[in-house]
Amino acid sequence: MAKLWGGRFDGKNEAWIDAFGASIPFDQKLAKQDIIGSLAHVKMLGATGIITTEEASEITKGLNILAEKVANNEVTFTIENEDIHLNLEKMLTDEIGLVAGNLHTARSRNDQVATDMHLYLKEHVQDIIEKMTDFRRVLVEKAEEHVETIMPGYTHLQHAQPISFGHHLMAYYGMLSRDQARLEESLKRIDLSPLGSAALAGTTFPIDRFMTTEELGFAAPYNNSLDGVSDRDFILEFLSNSSILMMHLSRFCEEIILWCSNEFKFVELTDTFSTGSSIMPQKKNPDMAELIRGKSGRVFGDLIGLLTVMKGLPLAYNKDLQEDKEGMFDTVHTVATSLEIMTGMIATMSVNTIHMAESTEKDFSNATELADYLATRGIPFRQAHEIVGKLVLDCTQKGIYLQDVPLEEYQAITPLIEVDIYDTLASKTAVIRRHSFGGTGFDQVKAQIDLAKKEL
Ligand code: ARG
């Protein structure tokens, strides 16, 4: 079959080579955007008199028919027509005849594909931002339920100091808020129109790029036609922001996986978000959390893949750029679905508050409380640290905890220690007293939640 660009070729096409060069198996996802771009372009061609108003209106009619067919899944794409742009142009020709050939005046597939990608990403980043807001809302709701739930806070995965579970959840709220802000900020750079850059150098036709920019709802046109057709930094920025977001989700999932284990038993996921084992009847596995942790890898891969595709490309368009698509589609899908799963999983997760709190009572996570107690009574903190360290060693040998040490023994160490030490050593007291701004004290966690509610 003759190619739409076949004029200067007389060799015959080979199906297996066509298949290697084609992007239609994946860029058909851009059908809607491609038609929207063409509608704006043809309107401008008509308005500027580059084609006649009759031609413009026939093409517009044809494009609207195609839009309808695409929406109803009534089109068949072919490898012979290589990509979404040529497939749709062929269909338009079948629909309205040779007048369709006027559509490609003052345009190239190079600015066409870049425009499609900008339109696609703008729509999907906005959708992802909405999903992030839903997730952040759920985090705040959960945190509010658990302001007073005590859990062990960790460093090095060792019990460090007791904290509020609400505080822990609000840490993720903070990360997700910055992730969302990054995506919102990136919209400025996605919101640009490459259309009218043509192949690379602009065009001799009197086009109106500002008109198509406005028609497509973009904030501004690219100022430089070479830049407009050849850069993909707007996609790289999305992949990079998505990588950071997925890293955050992955850390959270890692914690959920630990918390579901027999060793922790801090939370339980609903059956909906768990799966069983084909051999071990007792198993209830946190597969969804594991998958999100795993899927972070493919998003990082999409970023590194495109960076590598881009790094050696001379200006302007090179066919290598066709490799920009699958990674972007993959990341859009991965991020959107991961966020939906996270939102449902956290909203329905039950928390074993009693066990969580109890696990702060069979440890030395109150050792800082004792050291602080001594320091506020005049012993320099370094010496206080030394005294408590020795006491912890002694307790470990005896198999008891700081709260089990009798008052006489405390007073033998220093008479500065009085009976109020036992209240000071209680986990709940340790949490409540951490009033410093952003600390885990209940009042501080509530303040974080209030702030978050205002943001949302
Ligand atoms: N399918 C191509 C891509 O995705 C469209 C642009 C083709 N341009 C060209 N000069 N061959 O990059």
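Since the structure is predicted, the reported quantities are computational estimates derived from the model, not experimental observations.

1. Description of the packing of helix α4 (residues 53-71) against helix α5 (residues 84-96)
And then number 1: α5 packs onto α4 with a crossing angle of 115° between their chain directions and a minimal axis gap of 9 Å. When the axes of α4 and α5 are compared, the crossing they make is right-handed. For the pair formed by α4 and α5, the contact residues are Glu-58, Ile-59, Gly-62, Leu-63, Ile-65, Leu-66, Lys-69 and Val-70 on the first element and Leu-88, Met-91, Leu-92, Glu-95 and Ile-96 on the second.
And then number 2: The residue makeup of the contact of α4 with α5, split by class, is nine nonpolar, one polar and three charged.

2. Considerations on a nonpolar patch on the surface
And then number 1: On the surface, Leu-200, Leu-226 and Leu-315 cluster together into a nonpolar patch covering about 270 Å² of accessible area.
And then number 2: Mapped onto the elements of the fold, Leu-226 is located in helix α9 (residues 225-230).
And then number 3: Judged by its relative accessible area of 30%, Leu-226 falls in the partly exposed class.

3. A short note on the UniProt feature "domain: Fumarate lyase N-terminal" (unreviewed entry) in the protein chain
And then number 1: UniProt's entry tags residues 7-301 with the feature "domain: Fumarate lyase N-terminal" (unreviewed entry), counted in the numbering of this structure.
And then number 2: The span residues 7-301 carries 61% helix and 6% strand; its end-to-end C-alpha distance comes to 39 Å.

4. Points about the site of the ligand
And then number 1: All residues adjacent to the ligand are Ser-23, Asp-83, His-85, Arg-109, Asn-110, Val-113, Tyr-317, Gln-322 and Lys-325.
And then number 2: Interatomic distance of 2.8 Å between a side-chain N/O atom of Gln-322 and a nitrogen atom of the ligand.
And then number 3: With the chains in place, 86% of the 340 Å² that the ligand exposes on its own is no longer accessible.
And then number 4: Counted by class, the shell around the ligand contains two nonpolar, four polar and three charged residues.

5. Considerations on the packing of aromatic side chains
And then number 1: In this structure the tally under the stated criterion is eight aromatic pairs.
And then number 2: With centroids separated by 4.0 Å and ring planes inclined at 10°, the aromatic side chains of Tyr-172 and Phe-252 adopt a geometry described as stacked. Of this pair, Tyr-172 sits in helix α7 (residues 165-190) while Phe-252 sits in helix α10 (residues 233-260); the two residues are 80 residues apart in sequence, bridging distant segments of the chain. When sorted by exposure, Tyr-172 lands in the same class as Phe-252, which is buried.
And then number 3: Relative to Tyr-422, the ring of Tyr-410 has its centre 6.1 Å away and its plane inclined at 65°; by these criteria the two rings are edge-to-face. Of this pair, Tyr-410 sits in helix α16 (residues 407-413) while Tyr-422 sits in helix α17 (residues 421-425), and the two are twelve residues apart along the sequence.
And then number 4: Overall, Tyr-410 belongs to the buried group, its relative accessible area being 0%.
And then number 5: Residue Tyr-422 is classed as partly exposed on the basis of its relative accessible area of 26%.
And then number 6: What links up through ring pairs into an aromatic cluster is the set Tyr-154, Phe-264 and Phe-266.
And then number 7: For Arg-8, the ring lying beneath its charged end belongs to Phe-9, and the centroid distance is 5.6 Å.
And then number 8: Arg-377 extends its terminal NZ or CZ atom over the ring of Tyr-373, reaching a point 3.6 Å from the ring centre.

6. Thoughts on the packing of helix α3 (residues 31-47) against helix α6 (residues 109-145)
And then number 1: For the pair α3 and α6, the least separation of the axes is 9 Å and the interaxial angle reads 120°. Note on packing geometry: the crossing formed by α3 with α6 is right-handed. On the side of α3, the interface is formed by Lys-32, Gln-33, Asp-34, Ile-36, Gly-37 and Ser-38, while α6 contributes Gln-112, Asp-116, Leu-119, Tyr-120 and Glu-123.
And then number 2: Within the contact of α3 with α6, the residues separate by chemical class into three nonpolar, four polar and four charged.

7. Side note on the pairing of strand β2 (residues 158-164)
And then number 1: Summarising the sheet, strand β1 (residues 150-155) and β2 pair through six bridges and their orientation is antiparallel. Bridged to Ile-150 within β2 is Ser-164.
And then number 2: Turn length for the β1-β2 hairpin, with the two strands adjacent in sequence and antiparallel, is two residues, and the turn residue His-156 shows positive phi of about 55°.

8. Digging into the environment of Lys-319
And then number 1: In this fold, Lys-319 is placed in the loop between α11 (287-310) and α12 (325-348).
And then number 2: With 209 residues separating them in the primary sequence, Lys-319 and Asn-110 have C-alpha atoms 9.7 Å apart.
And then number 3: Setting aside residues no more than four positions away along its own chain, Lys-319 makes contact with Gly-21 and Glu-82.
And then number 4: A distance of 3.4 Å separates a polar side-chain atom of Lys-319 from the backbone oxygen of Gly-21.

9. Some remarks on the UniProt feature "domain: Argininosuccinate lyase C-terminal" (unreviewed entry) in the protein chain
And then number 1: When the UniProt feature table is mapped to this numbering, "domain: Argininosuccinate lyase C-terminal" (unreviewed entry) covers residues 364-431.
And then number 2: The span residues 364-431 is 66% helical and 0% strand by assignment, and the distance between its end C-alpha atoms comes to 14 Å.

10. Some points on the pattern of salt bridges
And then number 1: The tally for this structure, following the rule as stated, stands at 31 salt bridges.
And then number 2: Close ionic contact of Lys-142 with Glu-145 constitutes a salt bridge, the shortest N to O distance being 3.8 Å. Of this pair, Lys-142 and Glu-145 both sit in helix α6, three residues apart, which is roughly one turn of the helix.
And then number 3: In this structure, Lys-325 engages Asp-324 in a salt bridge whose closest nitrogen and oxygen atoms are separated by 2.9 Å.
And then number 4: Its relative accessible area of 2% is what places Asp-324 among the buried residues.
And then number 5: Three or more residues joined by partner-sharing salt bridges are found here, namely Glu-82, Asp-83, Arg-109 and Lys-319.

Rules of the game
- Residues numbered from 1 in each chain as written.
- Predicted model: local features only at pLDDT ≥ 70, side-chain atom pairs only at ≥ 80, totals over all residues.
- Heavy atoms only, no water.
- Axes fitted to C-alpha atoms, helices over the stretch in contact; angles between N-to-C directions.
- Helix = DSSP H or I, 4+ residues; strand = E, 2+ residues; numbered from the N terminus.
- Left-handed = near helix turned anticlockwise from the far one by under 90°.
- Contact = heavy atoms within 4.5 Å.
- Nonpolar A, V, L, I, M, F, W, Y, C, P; charged D, E, K, R; others polar.
- Patch = residues over 30% accessible without salt bridge, like charges linked within 9 Å, V, L, I, M, F, W, Y side chains within 5 Å.
- Areas by Shrake-Rupley, 256 points an atom, 1.4 Å probe, with all protein chains shown as cover.
- Salt bridge = Lys/Arg side-chain N within 4 Å of Asp/Glu carboxyl O.
- Buried < 20%, exposed > 50% of the residue type's maximum accessible area, 1.4 Å probe, protein only.
- UniProt positions renumbered as here; feature names shortened; annotations may be inferred.
- Near = heavy atom within 4 Å.
- Polar contact = N/O pair within 3.5 Å; in protein donor to acceptor, adjacent residues only side chain to side chain.
- Phe/Tyr/Trp six-rings, centres within 6.5 Å; stacked < 30°, edge-to-face > 60°.
- Lys NZ or Arg CZ within 6 Å of the ring centre and 35° of its normal.
- Pairing = 2+ DSSP bridges.

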